[in-house]
Structure formats: structure tokens, C-alpha cells
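# Residue-level structural notes
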Amino acid sequence: MSGRLLPVLRAALLFGLLAAWEWAARSGALDVRTFSAPTAAGRLVLEQLRSGSVVPHFLATLQAAGWGLVLGFLAGAALGWLAGTVRWFGRLVEPVMLVLNAIPRVVLAPVFILWLGIGIASKVALSFFLVVVLVFFAVYGGLREVNPALVDRVQSLGGSRWDLLREVQVPSVLAWVFSSLRVTVGFAFTGAVVGEFIASSRGLGYLLNLAQNTYNATLLMATVAQILATVLVLFAALEWVERRATRWKQG
Amino acid sequence: MRTPGAVAPVVPRPEPPPAAAGRVPRIRLEGVGKTFHGSGGPYPAIGHVDLAVEAGAFVAIVGPSGCGKSTLLRLVAGLDRPTAGRITLDGRPVTGVSPTVGIMFQQDALLPWRTVLENVALGPRIRGVSRPERLRRARAWIERVGLGGFEARYPAQLSGGMRQRAALAQVLACEPEILLMDEPFAHLDAQTRRILEADLLALCAGGSRTVLLVTHDLDEAVAMADAVALMTAGPASRIRAVHRVGLPRPRDLNRVRSEPAFTHLSRLLWEHLWEEVGRGRER
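Residues numbered from 1 in each chain as written. Chains lettered and ligands numbered in written order. Predicted model: local features only at pLDDT ≥ 70, side-chain atom pairs only at ≥ 80, totals over all residues. Heavy atoms only, no water.

### Some points on the environment of T218(A)
All names here are of chain A. Turning to its location among the elements, T218 is positioned in helix α12 (residues 217-245). For T218, a relative accessible area of 22% gives the class partly exposed. Here the alpha-carbon distance between T218 and A40, two residues 178 residues apart in the chain, equals 6.4 Å. Apart from the residues within four sequence positions on either side, T218 is in contact with S36, A40, A41 and L44. (Helix = DSSP H or I, 4+ residues; strand = E, 2+ residues; numbered from the N terminus. Buried < 20%, exposed > 50% of the residue type's maximum accessible area, 1.4 Å probe, protein only. Contact = heavy atoms within 4.5 Å.)

### Digging into the domain arrangement of chain B
Residues and elements named next belong to chain B. Examined at the domain level, chain B breaks down into domain 1 (26-100 + 180-283) and domain 2 (107-175). Summarising the inter-unit geometry, the C-alpha centres of domain 1 and domain 2 are found 25 Å apart. With 13 residues of domain 1 in contact, the opposing surface of domain 2 contributes 12 residues. Each partner contributes to the roughly 1,000 Å² buried at the junction of domain 1 and domain 2, and carbon and sulfur atoms together form 62% of this total. Considering only the surface of domain 1 that becomes buried against domain 2, L196, L203 and R209 emerge as the three largest contributors, covering 45% of it. Linking domain 1 with domain 2 are one salt bridge. Residue D199 is joined to R165 by a salt bridge in which the shortest nitrogen-to-oxygen separation is 2.9 Å. At the boundary of domain 1 with domain 2, the tally comes to three residue pairs in polar contact (both at pLDDT 80 or more). Classifying every residue of the side of domain 1 that touches domain 2 gives nine nonpolar, two polar and two charged. (Domains from an automatic or database assignment. Buried area = accessible area lost by both parts, 1.4 Å probe. Salt bridge = Lys/Arg side-chain N within 4 Å of Asp/Glu carboxyl O. Polar contact = N/O pair within 3.5 Å; in protein donor to acceptor, adjacent residues only side chain to side chain. Nonpolar A, V, L, I, M, F, W, Y, C, P; charged D, E, K, R; others polar.)

### Side note on the packing of helix α7 (residues 120-144) of chain A against helix α10 (residues 181-198) of chain A
Residue and element names in this part refer to chain A. Contact geometry for α7 and α10: axes closest at 7 Å, N-to-C directions at 155°. Put simply, α7 runs roughly antiparallel to α10. When the axes of α7 and α10 are compared, the crossing they make is right-handed. On the side of α7, the interface is formed by K123, L126, S127, L130, V131, L134 and V135, while α10 contributes V183, T184, F187, A188, T190, G191, A192, V194, G195 and E196. Class assignment for the residues of the contact of α7 with α10 results in 10 nonpolar, five polar and two charged. (Axes fitted to C-alpha atoms, helices over the stretch in contact; angles between N-to-C directions. Parallel < 35°, antiparallel > 145°, perpendicular 65-115°, else oblique. Left-handed = near helix turned anticlockwise from the far one by under 90°.)

### Some words on the pairing of strand β11 (residues 227-231) of chain B
Residue and element names in this part refer to chain B. By the criterion of burial, β11 is predominantly enclosed, with five of the five residues buried. The alternating pattern of β11 places A227, A229 and M231 on one face and V228 and L230 on the opposite face, and all of these are buried. Here strand β5 (residues 58-62) pairs with β11 via four bridges, running parallel. In the sheet register, A60 faces β11, and the bridge partner there is V228. Bridge count for β11 against strand β12 (residues 237-244) is five bridges, and the pairing is antiparallel. Looking across to β12, one finds that A227 is bridged to R244. (Pairing = 2+ DSSP bridges.)

### Quick look at helix α9 (residues 260-282) of chain B
Residues and elements named next belong to chain B. A rise of 1.5 Å per residue sets the reference length of α9, with its 23 residues, at 33 Å; its end C-alpha atoms lie 33 Å apart and thus fit the reference within 8%. Among the residues making up α9, those that are buried are F262, L265, S266, L268, L269, H272, L273 and E276. Contact partners of the buried residues in α9: α7 (218-224), β11, β12 and α8 (253-256). (Expected span 1.5 Å × (residues − 1).)

### Observations regarding the environment of C204(B)
Tracing the backbone shows C204(B) in helix α6 (residues 190-204). Put simply, C204(B) and M224(B) are 20 residues apart on the chain and 10 Å apart in space, counted from C-alpha to C-alpha.

### Thoughts on the domain arrangement of chain A
Residue and element names in this part refer to chain A. Domain assignment breaks chain A into domain 1 (1-30) and domain 2 (37-249). Between the C-alpha centres of domain 1 and domain 2 there is a distance of 31 Å. Each side of the interface is counted separately: domain 1 has five residues, and domain 2 has four residues. Both sides of the domain 1 and domain 2 interface together cover about 400 Å² of buried area, and 71% of this is carbon and sulfur.

### Examining the layout of surface pockets
Rolled over the atoms, a probe sized like a water molecule indicates the empty space that remains. Residues and elements named next belong to chain A. In this structure, the largest pocket spans a volume of roughly 350 Å³. Taken together, 14 residues line the largest pocket, and the ones lying closest to its centre are L18, W21, M221, A225 and L228. Those elements that place two or more of their residues in the lining of the largest pocket are α1 (5-27), α3 (38-51) and α12. In terms of residues, the lining of the largest pocket owes the most to one element, α12, which gives six residues. Both domains that furnish three or more residues to the lining of the largest pocket are identified here as domain 1 (1-30) and domain 2 (37-249). (1 Å grid on protein atoms, 1.4 Å probe; cavity = no way out; pocket = protein on both sides within 12 Å on 5 of 7 lines; lining within 4 Å. Points joined across faces, edges and corners; volume = space filled by probe spheres on them.)

### Thoughts on the interface of chain B and chain A
At the interface, 24 residues of chain B touch 21 residues of chain A. Summing the contributions of chain B and of chain A, the shared interface buries around 2,000 Å²; its carbon and sulfur component is 63%. Put simply, chain B and chain A have three salt bridges between them. Notably, a salt bridge pairs R74(B) with D152(A), separated by 2.6 Å at the nearest N-O pair. At the boundary of chain B and chain A, one finds six residue pairs in polar contact (both at pLDDT 80 or more).

Written as C-alpha cells, this is what we have:
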């Protein structure tokens, strides 16, 4: 299949699904109270955007996700670096991180709400907790998988430890971090939304919860659509950043 | 020098000046041994190696697989320490990587996140050469190894042969007096290999640099070197003999392979190597 045809087909598929949904809702095959309809959700989104009523929720989620991402990133990078350079620390921390990585960490959302209340702190904590493990493994893995031939190369050119750090270790770790960047940011967002969904008074997750509790299918669909759109825009931006940062990988 | 045979393990430069006697060899190994202590107990990779290489000589080291050729080179480079004996460069013991030594590895080992220009300028940069000077030097060497126009490329955008050329430029940009090479062409196709061998000879042979080349290719060793050291099978390998190559310089690498002196020494080395491979299997 040609590369040009594929995006057209994808768009057609999406449009077809939406059209089928719309048709089913209008003909009565689907109950609009439960399923709403694409046009209704779209109208609500436009109205929310025009009135600006969604902006505080959007900002609240972005803020929680942003703090979780930044703090999780710093802590994960510090822990990963320490584990990758201090052997006993690595041995100590790695099994804990492996367990944390294996379990679905969102199950701890209620715990954070209980401990930190329904404000932004519990959302940041959950987002942080999702992010920190990912960043830990990116940095730790990047350090451990440093190509020994490159270490030899820099050393044989007379390079000091500082040269090794700057020329080999940091770029190697950055390559790993960039390749997991989209997942990391996605997780930060997930943490914030799930936290809000469980208990909060603001945020996109709060809107989801509100819509569900008030049986407002249109609000539910509109909010889901906005979350999807936000994540897609974010991912497109990150992909651009990643491509630029790892230009050297492209043959 | 007509009949290549075992000679004393001192390798003079092609035409030794009259006052050569008593000179300090550029590279000297005295009773060098290396034992690795791994999980399977101690493994004596190198038993006892004596070798002296005079300034300007081109010496090839050959031997059966796993005989410790590469280990030996790492010791001379100062990347590893011998567990016995001593290694001196111009009479000074090797304590680490010396700025007069350049090393080329089997894998090109270019930094993948740096362009060809940045990679070639890396050595001078580490040595504190100013930016305009190191860029000028890097450009000059890139040109000399035939990579002109590829300065801004990343290693992933080059072929295997081009990467190895860049690696050669990277090493030569440090202007080393001693060039150590660990099977530098092993991963290249036969054609690229021949071309690079000729280029290397043009850049390095003729007395300006002292070259130690580790290779598994006997023909390559004979065609390029002034002397070929054959190592015994491991463990605890040593140098079985050093054979002088009685071929004049400059050499035409294509023509040299049909000279009687070449075929004679090549066949002799093959026979000896074959014996060593057999011995290695018995162990």
C-alpha cells in the first residue's frame, strides 16, 4: 500500500466510525442518553471552548501532570544515575523498582487521596509515582548499556572521567530517555487524570467523574475527546523533539 | 633476509642506520604475562612474551583465534595492566594511555551521536587543542583518508568502510608516533579491505610511525609488515617466532602478493599456524 493512501484510509475509517455512531444515535439504534452522539459532543466541546468553562479544568490537569512529570523526572534520573554508578545502591534499589514497574501503579491512587487529600498534591503524587519508575529504568538502563567499545575509544584517546561522562555516558542515557519520553509524558497525564477522577473538584478527570455521576453522556464524550486531542498534540510535539534530538540515529 | 625464518625477536626498521645497535626500542615487552581472574578461576591468557620493535617498524602479530593477540595490544596501549613482566615505550614504562599512542579497534567505535568532523576532532579536543586548530586538523585528516564531503554525516549514515576510514582519521588526528591496530579491517568486505590496506600503508609505512597490527589474515600481515610475529595457541601463549618480510618498500599491495618471497613466507606462516591450531585443539 502506498504511503499516501494510508493516512487517507485512516481518516476515512475514523470518519466512517463516527458517521455510523451518529446514524445509530439518530435512528434510535443506540440510546442517546447512554451513548450521546458525535455531533452533540462536538457542539458541547465548541461551546465549552467558546465560554472558556473548560479552561480551569484543563489547566488543573496540566499543572498536576506537569509537576508530576518534572519531579518524577528529577527523582527518577537521580535514583537511576546513583543506581547505575554506585553498585551496592543499584543492587539495593533495582528489585524494588522492578516490583513497582510490574504492578499497575494507579491502584495506589486512593492511597494518595487518603494521605494527601483531594487537592492537587495527591494528583502530583500519583503522576510522580508513575513517572519516577519509568525514568529510573531509562537512566539506569542507559548507563548499564553504555557500549564498552566507546568507553575504550574515549579512554584510548586520553579521555578523563569527565570526558567519558560528557562524550559517552550522558548521550547514551539521553538516547534512552528520549526513546521513552512519550510513554513518560503519557503516564504523567494518566496519573493526573486518574487522581482527579477518583476525588477532586477540578480537572479533566473531575469532569469525567461528574459526567458519569450525573449520567451526562455528552459531557463524558466531550471530555474524552478533549483528553484524546490533548494527548495527540502532546505526542506529536514530543515526536518532533525526539526526532530532532536523535537525528544521529537515522541512517 | 632472503630466507624468512625464525630470528631474534627484535624487529629493526626496514633499513637500519649504522648506529642502530644499542638504541632503545620504541616498544619493548619483557616477560609480559596476563592472567585473568574470572568466575571460572584464573585464566592465563598470555604466558610470557618478549618483543622489541624499533622506531618506524611495521610489525604484524598473527596467531590462532583466542591466542591473546588483542589482549597483548590492549596491554601495549595501556588500557589493561600486565600481571607479569614490563612494557616500555622509548624506555619509559607504560602506566596508562600514552599520548604518543593511537589505537584502532576491530569495531569502528565512533561516537554515534557525533558527526564525522566532531569524531575526528575528538582526540585533539581531549588533548586541549584549540577549536580552530583541531577543526583544521580534523578536516585535513578527513580529506587524507578520502572522506572529504562527509564531515557533517553521522556514523549511522556511513558504510562500514567509510566508518573505518573515519576511525583511522580519528586516530591519526592525534598524530601518534605509535599506531596500534586490532584487526581494523576484519569486518569489511574483501574489496574495501584491499583499498583500505593500501591507504593505510601509504599513510603510515615508511618509517614515520611505528605500527603494531594484530590480524588473523596472514596474507595481510605479510603484505603490509616489515616483520610478522606468530603467537602460539592459548592459554599462556607466547611468541613462537618473528619472521622478517624481505619485500622492498614502497609496496604495491596487489603486485606484492605474487612475489616469491611473499608466497614463501605466507606458506611457512600457514604451516606454523596450522600446527598451533592443532596444538590448541589438543589442550
